[in-house]
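Residue-level structure breakdown
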Amino acid sequence: MTINSAEKPNTFKTLPDSNGHFGIYGGRYVAETLMPLILSVEKAYDEAQADPAFQAELDDYLTHYVGRPSPLYHARRLSDHLGGAKIYFKRDELNHTGAHKINNTMGQILLARRMGKERIIAETGAGQHGVATATVCALFGMKCIVYMGETDIARQAPNVFRMKLLGAEVVPVTSGSATLKDAMNEALRDWVSNVDDTYYIIGTAAGPHPYPEMVRNFQKIIGEEVRQQMMAAEGRLPDSLVACIGGGSNAIGLFYDFLDDEDVTIYAVEAAGKGIETGEHAASLSAGKPGVLHGNRTYLLQDEDGQITEAHSISAGLDYPGIGPEHSWLHDSGRVNYVPATDDEALEAFQLCTQLEGIIPALEPSHALAYVGKLAPTLPKDHLLVMNMCGRGDKDVFTVAEALGVTL
Amino acid sequence: MSRKQGRLKARFEYLAAEGRAGLVTFLTAGDPNREISSTIIKGLPGAGADIIELGMPFTDPMADGPAIQASSIRALDAGQDINATLAMVKSFREKDDDTPIVLMGYYNPIYIYGVERFSEDAANAGVDGLIIVDIPPEEDAELRVPANKAGIDLVRLTTPTSDEQRLPTLMGGASGFIYYVSIAGITGTKSAATSNVADAVTRIRKFSDLPIAVGFGIKTPEQAAEIARVADAAVVGSAIVQIIAENMGDDGRTKDSPDLRETVLKFVSELAQGVRTARS
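The numbers attached to residues start from 1 for each chain and follow its sequence in the written order. To label them, take the chains in the order written and letter them from A, then take the ligands in the order written and number them from 1. Only residues with pLDDT of 70 or above have their local features reported here, since the model is predicted, and side-chain atom pairs are shown and tallied only from 80 upward, although totals for entire chains, interfaces and linings are computed over all residues.

Section: the overall build of chain B
Heads up, the condition is: Think of it this way: any DSSP run of H or I at least four residues long counts as a helix, any run of E at least two long counts as a strand, and we number them from the N terminus. Only C-alpha atoms enter the radius of gyration; for comparison, a globular chain is expected to reach 2.2 Å times N to the power 0.38, where N is the number of residues. Residues with at least 20 neighbouring C-beta atoms inside 10 Å of their own are called buried, those with 12 or fewer are called exposed, and the rest are partly exposed, where every C-beta is derived from the backbone. We call two residues in contact if the C-beta atoms placed from their backbones are at most 7 Å apart.
Secondary structure summary: chain B contains twelve helices and nine strands in total. The C-alpha radius of gyration of chain B comes to 17 Å, within 12% of the 19 Å expected for a compact globule of 280 residues. For chain B, the spread of C-alpha atoms along the principal axes amounts to about 50 × 40 × 35 Å. Classification of the 280 residues of chain B by burial places 55% in the buried group. Long-range pairs, those at least 24 residues apart, make up 77% of the contacts in chain B between residues at least 6 apart in sequence.

Encoded structure:
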């Protein structure tokens, strides 16, 4: 098994294989009770993909309900301030519900309806995926149960309330570190106990096959729009792409359309928490190793006995000890550069963006912004850089206030 | 290799000759700590356990309910790891070379230990079978091949969702016995109706001659006896583990360890009594 010596393929866009593998990563590592269900999700998804009516319905909702395409915005003042690359934001925080997550939940709820499921479950960290799931459940009148770690419930109170307003039941998860990983365990336990009527909307490009592929495909519209918008704005492709990465759905969404464009340099920014060297971080690729959790083989934070260790990030959405399997493969193949940004760097970038651009970013893309702050000054003024502004920061104002020592 | 071949096969043949089903008892290795856990396990055959299932604790036991989740945490907090679990098996084998031991767990710790090294070390310690919850047939060759080579059976799981299309896939490469998960759910929660279990056992027998053990939701000697009338073995886990939980003091230590051992073994003997008298 060659883990770190994947040969450079001719194309980066042929995976996964029929069993959901991206090289050695991915697969379907679930309890046998779920296998027939996972296989039926895959079959239903394949049929939906082949059905023009499914895509037409999704496109209609994306246009008129989500508000796509999201703008590609030239951030002039930030570009001037950093004194290098010409920085564009892909404004996915302007989607309905304030993040990229709804691109995926809209696709999956249409699939769940197609499968005749009536009850929807989801896990959430920052609450963005929970809100996006509760939203589409309200839209289609479906029962919605969202599993959320107690720690995250405390630090994402506005989103918890939004989910409840939308009619979802938010179930606090107290096991383990009471964050995203534990919420995912609990959602899987629910699913295995309710196989007949329940569909699990996984929020990131991870989990058992077909989820990593399906979530990527629902999110790749981000990159496809960027290609068109950048051609219209500049007459050429961007030189570099930057996105934050927890599970990796906004990142793969931005990157996927450009994977085979060799001249486009790609950066994914992991949450380095208090610093990689402190051990309190969520940087699975920088500091983890391959293992099996939550339905897939991928890089994980773990100890020498294969026990999963707790992640740390100021951003609830990045606070996860794993990463989507396609990212593990893109990491090993060298196509994408995975780099870290700490809590403090993200907080600083959060404030800078707010002050210079009048855009309050979520703490998740603030990690991407932090790396842009390091990268842009080293690049020439004609370098076109696109950063995915994947979520807005209203939900984070309490966390940021606390970190800055402000009492609200 | 000092390993005696085929303890599982021999035990099921013995049970068939006796005309009764077996009792499989589950405990998490190292719960509540290595020492107490080891003394309980050594007492299980005397209390009437026919097969010992030992859980390898994992931080993220996705198929387990609250009782076994808590037992995993107790064991991990007490420092249990794969080496310690294999050492417990080895120590057990010094006095008992007949009672089969099956390790149950999740794949990641084995993957990190290394599948080949794990298979050899487990076989040398005296392990007979593996039940790995999160590695379905589509993915299990990388573990099954080295495990079988070392003489260890990889026990396949079947569930209420395993229809006649799925069963052939599950039986291909199965050895040791078939574990029927009698409910669609997690451990220690709902219980299945005996008639449903009987139907499932009949369905599975169409595809396999291996013995069938039934688990999940069996909590009392009476329930164990009912299952023993329709299957080759009944597995009890959460109900045993719960006794350990109830005997933990507020400080996280056991209230009284000799007492805990006796309480657990007394319950096991009641279960054994249920299983042994089921068909008489």
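Okay, back to it.
Brief notes about the environment of Gly6(B)
Residue and element names in this part refer to chain B. Secondary-structure assignment places Gly6 in the segment before α1 (7-18). Residue classification places Gly6 among the partly exposed residues on the basis of 15 C-beta atoms within 10 Å. With 122 residues separating them in the primary sequence, Gly6 and Asp128 have C-alpha atoms 7.5 Å apart.

What to know about the domain arrangement of chain A
All names here are of chain A. Let me state the cut-off plainly: The domain limits used here are those given by an automatic or database domain assignment. The residue classification treats Ala, Val, Leu, Ile, Met, Phe, Trp, Tyr, Cys and Pro as nonpolar and Asp, Glu, Lys and Arg as charged. All others, Gly included, are polar.
Here the domain parsing of chain A yields domain 1 (22-61 + 101-215) and domain 2 (68-98 + 220-403). The partner domain 2 presents 39 residues to the 38 residues of domain 1 that form the contact. Listing elements by their share of the side of domain 1 that touches domain 2, those giving two or more residues are β2 (25-29), α4 (101-114), α5 (128-140), α6 (150-155), α7 (157-165), α8 (180-193) and α9 (211-219). The element best represented in the side of domain 1 that touches domain 2 is β2, accounting for five residues. Looking at side-chain class alone, the side of domain 1 that touches domain 2 contains 18 nonpolar, 15 polar and five charged residues.

Quick look at unusual backbone geometry
Among all residues save glycine, negative phi is the norm, and among peptide bonds the norm is trans. The linkage connecting Arg68(A) with the following residue, Pro69(A), adopts the cis geometry, with an omega of 0°. Looking at the element boundaries, Pro69(A) is found in the loop between α2 (52-66) and β3 (72-74). Here the bond from Asp31(B) into Pro32(B) is cis, since omega is 0°, no more than 30 degrees from zero. Within the secondary structure layout, Pro32(B) lies in the loop between β1 (22-28) and α2 (34-47). Positive phi values are uncommon outside glycine, yet Thr97(A) reaches one of about 80°.

As for the interface of chain A and chain B
Opposite the 28 residues of chain A that make contact, chain B presents 32 residues. At the level of elements, β2, α1 (35-49), α8 and β11 (289-293) of chain A are the ones that each hand at least two residues to the side of chain A that touches chain B. Sort the elements by how many residues they give to the side of chain A that touches chain B and α8(A) lands first, with six residues. When the residues that make up the side of chain A that touches chain B are grouped by side-chain class, the tally is twelve nonpolar, eleven polar and five charged.

Considering the pairing of strand β5 (residues 119-124) of chain A
Residue and element names in this part refer to chain A. Stated formally: A pair of strands is considered paired only if DSSP assigns at least 2 bridges between the two.
A large share of β5 lies buried, amounting to five of its six residues. The pairing of β5 with strand β6 (residues 143-149) spans six bridges and is parallel. Looking at β6, one finds that Arg119 is bridged to Lys143.

A few points about the sheet that holds β11(A)
Hydrogen bonds along the backbone pair up the strands of a sheet, which may run parallel or antiparallel. Residues and elements named next belong to chain A. How we decide: For helices, the fitted line uses only the C-alpha atoms of the stretch in contact; every axis is such a line through C-alpha atoms, and the angle between N-to-C directions lies from 0 to 180 degrees.
In spatial order, the strands read β1-β2-β12-β11; together these four strands make up an open sheet with antiparallel pairing. Each having just a single partner strand, β1 (21-22) and β11 make up the two edges of the open sheet. Across two bridges, β1 lies against β2 in antiparallel orientation. When the bridges of β2 are listed, His21 appears paired with Gly26. Together, β1, β2, β11 and β12 (295-300) form the strand contacts of helix α13 (residues 325-333), whose direction differs from that of β12 by roughly 45°.

Overview of the packing of helix α6 (residues 115-125) of chain B against helix α7 (residues 141-149) of chain B
When two helices pack together, their arrangement is given by the angle between their axes and by how far apart the axes lie. Residues and elements named next belong to chain B. Quick reminder of the rule: By definition, turning the near helix anticlockwise from the far helix through less than a right angle yields a left-handed crossing, and turning it clockwise yields a right-handed one.
Interaxial distance between α6 and α7 falls to 8 Å at its minimum, and their mutual angle equals 35°. The handedness of the crossing between α6 and α7 comes out as right-handed. Across the interface between the two elements, Val115, Glu116 and Ser119 from α6 touch Glu142, Leu143, Pro146, Ala147 and Lys149 from α7. Residue composition of the contact of α6 with α7, by class: four nonpolar, one polar and three charged.

A word on the environment of Arg205(B)
The residue Arg205(B) is located in helix α9 (residues 194-205) in this model. Taking the C-alpha atoms as reference points, Arg205(B) and Gly173(B), separated by 32 residues in sequence, lie 15 Å from one another.

Quick word on the sheet that holds strand β10 (residues 265-271) of chain A
Residues and elements named next belong to chain A. Spatial strand order, β3-β4-β14-β9-β10-β13: six strands in an open sheet with mixed pairing. The open sheet terminates on both sides in strands that have one partner only, identified here as β3 and β13 (337-341). Neighbour to neighbour, the strand axes of the sheet diverge by 25° on average, direction disregarded. Looking at chain direction, β3 and strand β4 (residues 86-90) are connected through three bridges and run antiparallel. The residue of β4 that forms the bridge with His74 is Tyr88. Sitting on the sheet, helix α10 (residues 221-234) is in contact with β3, β4 and β14 (384-388), with an inclination near 145° to β14.

Quick word on α5(A)
Structural remark: α-helix, 3.6 residues per turn; residues separated by three or four positions point the same way. Residue and element names in this part refer to chain A. Our working definition: To estimate how far a helix should extend, the number of its residues minus one is multiplied by 1.5 Å.
Spanning 13 residues, α5 covers 19 Å between terminal C-alpha atoms, matching the ideal 18 Å at 1.5 Å per step. α5 sits mainly inside the fold: ten of its 13 residues count as buried. Along α5, the residues that are buried comprise Gln128, His129, Gly130, Val131, Ala132, Thr133, Ala134, Thr135, Val136 and Cys137. As for α5, its buried residues are in contact with α4, β5, β6 and α7. Once α5 ends, the next one or two residues include Gly141, with phi positive near 65°.

Quick word on the pairing of strand β4 (residues 129-132) of chain B
Residues and elements named next belong to chain B. How we decide: A clockwise path from the first strand over the helix to the second, with the strands pointing away from the viewer, defines a right-handed crossover.
Side chains Gly129 and Ile131 of β4 all project onto a buried face; the interleaved residues Leu130 and Ile132 project onto the opposite face, where all are buried too. One ladder, built from four bridges, connects strand β3 (residues 101-105) with β4; its direction is parallel. Bridged to Val102 within β4 is Gly129. In this sheet, strand β5 (residues 153-154) lies alongside β4 in parallel orientation, the contact comprising two bridges. In the sheet register, Gly129 faces β5, and the bridge partner there is Asp153. Running through α7, the crossover from β4 to the neighbouring parallel element β5 is right-handed.

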